[in-house]
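# Architecture and fold: a report
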Amino acid sequence: MKIEDTAEVVGGFRACNGPKAWSEPSQPGFVQVPTGSNRTLFVQRSADAVCLNATRGPRRGRRGGARGANRPRRHGGGKAGNFDLVIDMEPKPAIQRQVEYYFCEENLRTDDFLQRNLDGDGFCSINTISTFARIRIFTAKLKDAGDPRTSEELIAEAIRESPYLEVGRESGHLQVRRALKYSLKDISGGVPVTAKPSRASSSTKEERGAPCKYHFAGYCDRGSRCPNTHNMDYCDAIERQWMNPIGSGPASKTGPLVDELKRICSQLGLSSPSLSYASKMVRSKLDPAQARTVGERQAFDYFVVIDIEGQHEIIEFPAIVFSTKGLREVGRFHRWVKPVNLWRGKRLNPRSDSVPFSQVLKEFEAYLRELGLVGSNGNESRFAMVCCGNWDVKTQIPKQCKLNGMSVPSYMRKWVNIKDVFNEVYVSRTKATGMKAMLRRSGLVGADGAVEGVHHLGMHDTENITRILLRLLEQNVQINITGKL
């Protein structure tokens, strides 16, 4: 592409509201495009593509002096030059690449605006994303081509197939969050990247190879591109060890399961400690008398902690039943879930033991009945569901029940959002917006600050949420219902 051709490429975008005049480059290789609103687009010619950077123009102080020229945008693109978006890409892949950049580790750590717009579950409204300058350029191009959909719908479609992002919906509004921790290098491909490697890059690489919950549940649409592990022996070893955690029985029973997990990880070359994490039973170190005193203050005899996984439909359903009387877990439940529509027509993993959600709930209720928590009518008040956020019970379970043609069980119509309780106790200038923040603030991380287990694997997340619950109970915090359907 010749440099004179860039005028046609950029000038054709309706997002560039303002004079389409070009000035001399302010730095080698750059050409300025005035766009109005005190903002300038810098277009750079690389070896085989035209790249775009968006910056603010000079800001004036009280006496009219410039506070600084071309200050980088603090949202919608991070620091100018950190990520050169190739603007001669097709609009949809360009939107996907740009949103992936917003949520990569290097940008997310420093993008204050984006951080402020994340909710407790890490979601950002796609409507907010649609206001970013670079995104507006490509949504405008799609609309110029005759697409009648809103910017929000266009962005959601463009990023839905990204292996790094999850699209959700809350109160009718589309949202996006990252599906896994990833670095700038993971998404750069052939696009020029000038950002310096961050300290987080090494830890991000270690997480590659984490168990692929989608493959274990039946189908992974990323196939060979998936950065996670598809080995079913690894899957079975994790599940068996989690169901029989250290401390739940004699070492002669739990020890071999830990050894098996570590052996498989060694064979697969999975060196990260989180990938070979051996699950531990959650129980208090208080003496029995103290534990009983703490439990007597609670309104419920048991809490059932869950952390379901699955973007469009539920694919993993783990649960830990925790007794407030003894301040210890009394049982675990786990099933991989087969979606209704998500994988229709796909060739499923023959080794997956996933079952429909309707069967999962039947098995789960039978398990609760064995523990004496649910009667024949399925309507007992001795326990409450606990989750990290409202999404699990408020949104995803009712949605999945509807897809499976069944009603929501009565005991799932009320729940405890552990984040709401936590933020009332651990008062800070900024609220804990996720599980990791709660673990760190309550001192439930390793010496290196790392969280135990694989984040976003439902089994390990459920265990960590239960540890947070125990910490709150030990501090004599009254745990009450925070949400109802």
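What follows covers unusual backbone geometry. Notably, leucine 327 is not glycine yet its phi reads approximately 50 degrees, a positive angle. Positionally, leucine 327 belongs in the loop between β11 (316-323) and β12 (328-338). When its relative accessible area of 0% is taken as the criterion, leucine 327 is described as buried. Even without being glycine, histidine 456 reaches a positive phi, approximately 75 degrees. Along the chain, histidine 456 turns up in the loop between α17 (435-441) and α18 (458-474).

Take helix α7 (residues 151-159) next. Most of α7 sits inside the fold, with seven of its nine residues counted as buried. Check the buried side of α7 and you find it contacts α2 (91-102), α5 (126-129), α6 (133-144), β8 (165-170) and β9 (173-178).

A word on the environment of threonine 131. Turning to its location among the elements, threonine 131 is positioned in the loop between α5 and α6. A sequence separation of 20 residues divides threonine 131 from serine 151, and the C-alpha atoms of the two residues are 9.1 Å apart.

Moving on to the sheet that holds β9. The sheet built from three strands is open, its strands ordered β7-β9-β8 with antiparallel pairing. This sheet does not close on itself; its edge strands, each paired only once, are β7 (124-125) and β8. Bridge count between β7 and β9: two bridges; the pairing is antiparallel. Bridged to serine 125 within β9 is glutamine 175. Lying on the sheet, α7 is in contact with β8 and β9; it crosses β9 at an angle near 35 degrees.

So, on to the sheet that holds strand β15 (residues 414-417). Pairing is mixed in the open sheet, where seven strands are placed in the order β13-β12-β11-β10-β14-β15-β16. Of all the strands in the sheet, the pair left with one neighbour each is β13 (355-356) and β16 (483-484). Looking at chain direction, β12 and β13 are connected through two bridges and run parallel. Bridging across to β13, lysine 338 finds its partner in proline 356. Seen against the sheet, helix α14 (residues 357-370) touches β10 (302-306), β11, β12, β13 and β14 (383-387) and runs at an angle of roughly 165 degrees to β12. Sitting on the sheet, α18 is in contact with β10, β11 and β12, with an inclination near 25 degrees to β11.

What counts, and where the lines are drawn
Residues numbered from 1 in each chain as written. Predicted model: local features only at pLDDT ≥ 70, side-chain atom pairs only at ≥ 80, totals over all residues. Heavy atoms only, no water. Helix = DSSP H or I, 4+ residues; strand = E, 2+ residues; numbered from the N terminus. Buried < 20%, exposed > 50% of the residue type's maximum accessible area, 1.4 Å probe, protein only. Contact = heavy atoms within 4.5 Å. Pairing = 2+ DSSP bridges. Axes fitted to C-alpha atoms, helices over the stretch in contact; angles between N-to-C directions.

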